[in-house]
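Chain residues, written in single-letter form:
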Amino acid sequence: RTSASPVDVLIVGGGIGGLSAAFALAREGLRVRVLERADEFGEVGAGLQIAPNCTRILHDYGLLDEAKDLGVLPGSMVMRDAVDGGELTRLDLADLEREYGFPYMVIHRSDLHGIFLRACRRTGVDLITGARVSGYENTATGARVLLADGRADEARVVIAADGLHSVARGLLADDEPVSSSYVAYRAAIPIEQAGREVDLGEVSVHVGPRCHFVCYGLRGGEMLNQVAVFQSPKALAGEADWGTPDELDDAFAATCPDVQAGIPLMWRDRWWRMFDRDPIMTWVDGNIALLGDAAHPPLQYMAQGAVMAIEDGWVLAKHVAARRAANGPADWQGALAAYEAVRPEHCRRVLTTARAWGELWHLDGVARLQRNALLRARDTYDYSFIDWIYGPTALTPEEEPPMFAPIPLDSADVRDPAGRSDP
Ligand code: FAD
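Within any chain, residue numbers begin from 1 and follow the written order of that chain's sequence. At least 70 in pLDDT is required for a residue's local features to be given in this predicted model, at least 80 for side-chain atom pairs to be given and counted, and no such filter applies to totals for whole chains, interfaces and linings, which use all residues. As a rule here, side-chain values cover all heavy atoms of the structure and leave hydrogens and water aside.

### Thoughts on the side chain of His113
(1) Moving on: Each helix is a run of DSSP H or I of at least 4 residues and each strand a run of E of at least 2, with the numbering of both proceeding from the N terminus. When you line up the elements, His113 lands in helix α5 (residues 109-122).
(2) Moving on: Its relative accessible area of 3% is what places His113 among the buried residues.
(3) Moving on: Polar contacts, as counted here, are pairs of nitrogen or oxygen atoms within 3.5 Å of one another; within protein the pair requires one atom able to donate a hydrogen and one able to accept it, and residues that are adjacent in sequence qualify only if both atoms are side-chain atoms. Within polar-contact distance, the side chain of His113 engages the backbone oxygen of Gly14 at 2.8 Å.
(4) Moving on: Contact between two residues is taken to exist if any of their heavy atoms lie within 4.5 Å; hydrogens are not considered. Sequence-distant contacts of His113, defined by excluding residues within four places in its chain, comprise Gly14, Gly15, Ile16, Leu19, Phe41, Gly42 and Glu43. For every residue, the accessible area (1.4 Å probe, protein chains only) is compared with the maximum for its type, and the residue is labelled buried under 20%, exposed over 50%, or partly exposed between those bounds.

### Some points on the environment of Leu58
(1) Moving on: Relative to the elements of secondary structure, Leu58 occurs in helix α2 (residues 52-60).
(2) Moving on: Given a relative accessible area of 0%, Leu58 falls into the buried group.
(3) Moving on: For the pair Leu58 and Leu146, spaced 88 residues apart in sequence, the C-alpha separation works out to 33 Å.

### Thoughts on the pairing of strand β1 (residues 7-12)
(1) Moving on: Across the six residues that make up β1, a large majority, six, are buried.
(2) Moving on: Only when DSSP finds a minimum of two bridges between them are two strands counted as paired. Relative to strand β2 (residues 32-35), β1 runs parallel, the two being bridged by four bridges. When the sheet's bridge partners are listed, Leu10 is paired in β2 with Arg33.

### Thoughts on the confidence of the model for the protein chain
(1) Moving on: On a range of 0 to 100, pLDDT expresses the predictor's confidence in each residue. Looking at the protein chain as a whole, the pLDDT averages 93, with 94% of positions reaching at least 70.
(2) Moving on: Both scores are given for the predicted complex: the pTM is 0.94, the ipTM 0.98.

### A word on the pattern of salt bridges
Side chains carrying opposite charge are able to pair once their charged atoms draw close together.
(1) Moving on: Salt bridge criterion: a side-chain nitrogen from Lys or Arg within 4 Å of a carboxyl oxygen from Asp or Glu. Under the defined criterion, the tally for this structure stands at 30 salt bridges.
(2) Moving on: Across the salt bridge formed by Arg368 and Asp81, the nearest N and O atoms sit 2.8 Å from each other. Residue Arg368 is located in helix α11 (residues 365-377), and its partner Asp81 is located in strand β4 (residues 76-81); the two are separated by 287 residues in the primary sequence.
(3) Moving on: Judged by its relative accessible area of 13%, Arg368 is buried.
(4) Moving on: Note that Glu345 and Arg348 form a salt bridge whose closest N and O atoms lie 2.8 Å from each other.

Quick look at the structure:
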């Protein structure tokens, strides 16, 4: 055993998904232990965008003020064409906050991770590092994890939040991460090093042929976060050594001066090849359940990966709380079934939409010009395409909103020759 005291829930993985789920369950009075393979809890990377469907949950957790202190609340999100620099569409984030009741924030990953780590400590979560889980088993009364060093631990339920390369996922699916052939370069740097005028009131996204560039402020505007993403020619050619820095400059050679100015600032000693997985609709095997990227790693174009992971823990904890008498045992079977009834379908939609959104961003030629015309025609205050994401997180399939507002049926093209509307 990793520790003497018995717990109700073992969570494998101490990323944003695992820690937020641990906190969600611990605040409902459950005894929770997190097993993290690394020697320290932490996050690599740079900024994260967190939409109102996540800040609503942070508010429910009593953590939103702390997040606001550490993050930035931008005034707008603006999408521009990466070639000519022209504006395509925007979100007015102050109005968006009025619409959804909670803000759109950007925050350093390690700051959000730190918020959950401190919250876990305050609620008594048992936090174990240096614990690499290599196997899972259901038992008569719960589930057991086997550690690479020969130890084992068990609990009523095991939640696997072990990320893209999840070991636990093998219990439920025989799949592999899917390479997009795109790679992300990041940089989070002091604002003085920006070397150009940057509007920190904006989350800015430039979309271009086979590439895009994201830029926003972090830590109250002290830092600048940049993400440069491009399709690797070496990946397309099947070369193993793909996404290397020599490909970065070429990928952005035809972009506008604003984007070009940001490229020399990118970190060149590490980069992130972008993988997702096909959606799976079964996340629970007996007393073992997947959560976060282990269940639904997306391409990041919707900026919902960490957000979905946080939603998973919130939904699971609500269902456990609803099936538990004061400090008594919970009906875990019922709670896991309710979790699995609602989350896989929502996340399937996000995963498939993220793939389509990425394709739209990276168009070239006539298709790019057609995209630009359509995006320019969008009304800034039309939220019909994002209601299903930014609205309250559904606890049941019935609460899950439709993806798109119904299309009016009185238009000519849905009428039959007799003039009746399509039913
Ligand atoms: P992870 O962060 O991968 O955590 C898994 C944890 O499990 C790690 O700590 C790992 O060490 C541990 N672990 C793994 N295996 C084991 C094992 N065998 N035993 C024990 N521990 C183990 N999301 C957003 O919401 N907004 C954004 O703006 C956004 N931007 C992104 C930009 C980029 C370039 C990328 C690549 C992703 C972005 N995402 C964004 C997605 C987001 O980063 C992930 O979806 C999120 O971090 C997943 O969290 P997780 O806890 O499920 O997994």
